[in-house]
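What follows is the residue order along each chain.
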Amino acid sequence: MLTLSVRRTPEDARAPLAACGTIGVSADFMLRRDFLKIGAAATASRPLAGRQTQSFLAPPVAKNEAKTEFTLQIAPVTVELASNRVISTIGYNGSVPGPLLRVKEGVPVTVNVVNQTDVPEYVHFHGLLIPSEVDGAEEEGTPPVPPHGTRKYQFTPTPAGTRWYHTHTMSMEDLHRGSFTGMFGFLIVEGSSNPGHYDQEHYLALRDWEPYFTNTLMDTDDLDPIGAQPEKPPVLDTRQPGLEVTADIYSMNDKALGAGEPIRVNQGERVLFHFLNASAIENRHLSLPGHKFNVIALDGNPVPTPAAVDVLMLGPGERIDAWVEMNQPGVWILGAPEDPVREGGLGIVIEYANKRRTTPQWTPPPKSTWDYTIFGKPSAPPAPAERLDMVFEKVPRGAGKFNSFTVNGKPYPHGQEFVLKQGTRYRLTFHNRTDDAHPLHLHRHQLEIAEIYGKPTSGVVKDTVVVPTYGRASVDFTADQPGLTLFHCHIQHHMDYGFKALLRYS
Ligand SMILES: [Cu+2]
């Protein structure tokens, strides 16, 4: 299991993090539905002696220190999710996720991208405030990395926090392209602040694999706030919906639940997790029976009111930094609360010392609502002078066709709809008039949530915000990054079929 794990002691808490991924031996199980129970048994009996450790980035024992130059090679890769489940995809540097890139805030870096495929590629650095030319979006005018060619991205990373990088090509009807592939990885921007004292630190990316088209919307948004739906139209569009994309094979990093090494902990340890939803298709939930997640940062940005919750929710593109106090000895599954998702592989085993012969336990979490505002301050920021509104609607296309989306009633690219004045702070209101919760991402800027679920809040700064079904949210941002700026839903086929807009500076 490439867990990108780091064990820290108080003495080295201020030292650069040393990363050592562990590559586990896969469990011998047969069917997807058996991941859980058979994987669990294998975990319980697997001797430690079979474990190899190696650096995720470089030779063993190399410290994973911040660097200023990286190379990303784009090429086909196979991923062994489990011993009987090997998939082919495209990845960076032969691994999925790609290497963890660690950089220092404010120190210029060069990323050399080598494209060994037959199609143009874009590498997007998600959550950074960098120019359009290197942001990695075709719509913004970033030049492509040509097929069998190379391109340098040079930029100065800011702000500090848990960022990530991923392909930004379109997929359209090809589910082997764009963010359906393994082209993603963590990008950690180190700042000057002390990250705190944690005994271990783990980077876990949530993924689904082998996506397929379906006419049935199989949503797992049932744990979302059941709040007011201010944007629900009085008369619903009853035309037959078109195709959605779904999957039923899942992993954390490169391993399905039970197929990789567990995370081994000692009672009393504080373990910091960096979660990333690298899915192209679905919002995800996570829970760990008997434990709470202490959320300290959303999308890499520290929250004003850290709080403990039973269940996390991450839309595609979102990150959560949360620590867990290991105070319930046992062997547990950290995974998706939805049985088909967890049993399909979305989870990892947490194993306390001296508990290795116990079967991993799962119990459903208490009823929980995910709510960004509990991590914020209780009143909205002062309203900026300028306002922007975006109304999102889905155009159902019927059986065998792709739904499309409009913004303010128009298809992409909306002409001169969104023109920003440099230096101005805006309140942007999202009106989600669709029957789905969408993770909305603005490139090259940071969004402070001002209102969501009908509640005011401030201080929660994000780059991706999940706006609930028929919900409304307002976010504030400062137009201080001249250049074309892409806005889009982070669900790949929503973006590809119109759920995007280009913001310009006047
Ligand atoms: Cu969407």
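Our structure's up above, just so we're on the same page.
Residues numbered from 1 in each chain as written. Predicted model: local features only at pLDDT ≥ 70, side-chain atom pairs only at ≥ 80, totals over all residues. Heavy atoms only, no water.

Q: Mind showing me how you'd approach the coordination of the copper ion here?
A: Around the copper ion, the protein contributes the donor atoms His438 (ND1), Cys489 (SG) and His494 (ND1), at 2.0 to 2.1 Å from the metal centre. The sequence pattern formed by the donor residues of the copper ion is H-x50-C-x4-H. Here the residue His438 occupies a position in strand β29 (residues 438–442), and Cys489 occupies one in strand β35 (residues 485–489), the gap between them amounting to 51 residues. (Donors = N, O, S within 2.8 Å, 3.2 Å for Na, K, Ca; no water. Helix = DSSP H or I, 4+ residues; strand = E, 2+ residues; numbered from the N terminus.)

Q: What's the story with the sheet that holds strand β9 (residues 150–155) in this structure? I'm lost.
A: One open sheet accounts for 4 strands, arranged β5-β4-β7-β9; its pairing is mixed. Pairing within the sheet leaves two strands with one partner each, and these edge strands are β5 (85–92) and β9. Sheet twist, expressed as the mean angle between neighbouring strand axes with direction ignored, is 30 degrees. Of the pairings in the sheet, the one linking strand β7 (residues 109–115) to β9 comprises 6 bridges and is antiparallel in character. Paired with Val114 across the two strands is Thr150, which belongs to β9. (Pairing = 2+ DSSP bridges. Axes fitted to C-alpha atoms, helices over the stretch in contact; angles between N-to-C directions.)

Q: Can you help me understand the sheet that holds strand β6 (residues 101–104) in this one?
A: What links the strands of a sheet is backbone hydrogen bonding, and the strands pair in either a parallel or an antiparallel sense. Ordered in space as β6-β11-β10-β8, the 4 strands form an open sheet in which the pairing is mixed. Lying at the two open borders of the sheet, with one neighbouring strand each, are β6 and β8 (123–126). Looking at each pair of strands side by side, their axes are set apart by 25 degrees on average, direction ignored. In the sheet, β6 pairs with strand β11 (residues 184–190) via 4 bridges, with the strands oriented parallel. Residue pairing for β11: Arg102 is matched across the bridge by Ile188.

Q: Even after reading the chapter, I still don't get the nonpolar core, so can you show me in this structure?
A: For soluble globular proteins, the rule of thumb is that nonpolar side chains tend to be buried together. The biggest cluster of nonpolar side chains holds 66 residues, and the ones touching the most others in it are Phe273, Phe275, Leu334, Met390, Phe430 and Phe487. For Phe273, the residues in contact, after removing those within four places along its chain, are His202, Leu204, Ile263, Ile320, Asp321, Ala322, Val324, Met326, Leu334 and Ile350. Within the second largest apolar cluster, 23 residues are counted, among which are Ile74, Val134, Tyr153 and Tyr165. (Core = buried A, V, L, I, M, F, W, Y, C linked by side-chain atoms within 4.5 Å. Buried < 20%, exposed > 50% of the residue type's maximum accessible area, 1.4 Å probe, protein only. Contact = heavy atoms within 4.5 Å.)

Q: Help me understand the environment of Asp199, please; the structure alone is not making it clear to me.
A: You can see Asp199 is positioned in the loop between β11 and β12 (200–209). Judged by its relative accessible area of 21%, Asp199 is partly exposed. Separated by 71 residues in the primary sequence, Asp199 and Arg270 have C-alpha atoms spaced 5.5 Å apart. There is a polar contact of 2.7 Å between the side chain of Asp199 and the backbone nitrogen of Arg270. (Polar contact = N/O pair within 3.5 Å; in protein donor to acceptor, adjacent residues only side chain to side chain.)

Q: Could you clarify how one ought to interpret the side chain of Asn432 in this entry?
A: For Asn432, the position within the fold is in strand β28 (residues 425–433). Asn432 gets classed as buried once you look at its relative accessible area, which sits at 0%. A polar atom in the side chain of Asn432 sits 2.7 Å from the side chain of Thr434. Only 2.9 Å separates the side chain of Asn432 from the backbone oxygen of Asp436, close enough to count as a polar contact. Residue contacts for Asn432: discarding those within four places in its chain leaves Glu231, Phe392, Ala437, His438, Val467, Pro468, Thr469, Tyr470 and Gly471.

Q: How do you make sense of the pairing of β28 when you look at a structure like this?
A: In regular strands, side chains alternate between the two faces of the sheet. When you tally the buried positions in β28, you get 7 out of 9 residues, the bulk of the element. Pairing analysis gives 8 bridges linking strand β25 (residues 386–395) to β28, with the strands arranged parallel. By the bridge assignment, Leu388 is partnered in β28 with Leu428. Here β28 runs beside strand β34 (residues 472–478); their pairing, made up of 7 bridges, is antiparallel. Counterpart to His431 in the pairing with β34 is Arg472.

Q: I tried to follow the pattern of salt bridges on my own but got confused; where do I start?
A: Pairs can form between side chains of opposite charge whenever their charged atoms are close. Going through the model one piece at a time under the given rule, you end up with 23 salt bridges. Its salt-bridge partner being Lys394, residue Glu244 comes within 3.7 Å of it at the nearest N-O pair. A residue pair is termed long-range when its members are at least 10 positions apart, and Glu244 in strand β14 (residues 244–246) and Lys394 in strand β25 qualify at 150 residues. For the pair Glu244 and Lys394, a shared accessibility class is recorded, and that class is buried. Note that Asp476 and Arg427 form a salt bridge whose closest N and O atoms lie 2.7 Å from each other. Here Arg427 lies in strand β28 and Asp476 lies in strand β34, a separation of 49 residues in the sequence. Arg427 gets classed as buried once you look at its relative accessible area, which sits at 9%. Among the charged side chains, a salt-bridge network with shared partners connects Asp299, Glu318, Arg319, Lys462 and Asp463. (Salt bridge = Lys/Arg side-chain N within 4 Å of Asp/Glu carboxyl O.)

By themselves, these are just geometric observations and shouldn't be taken as functional.
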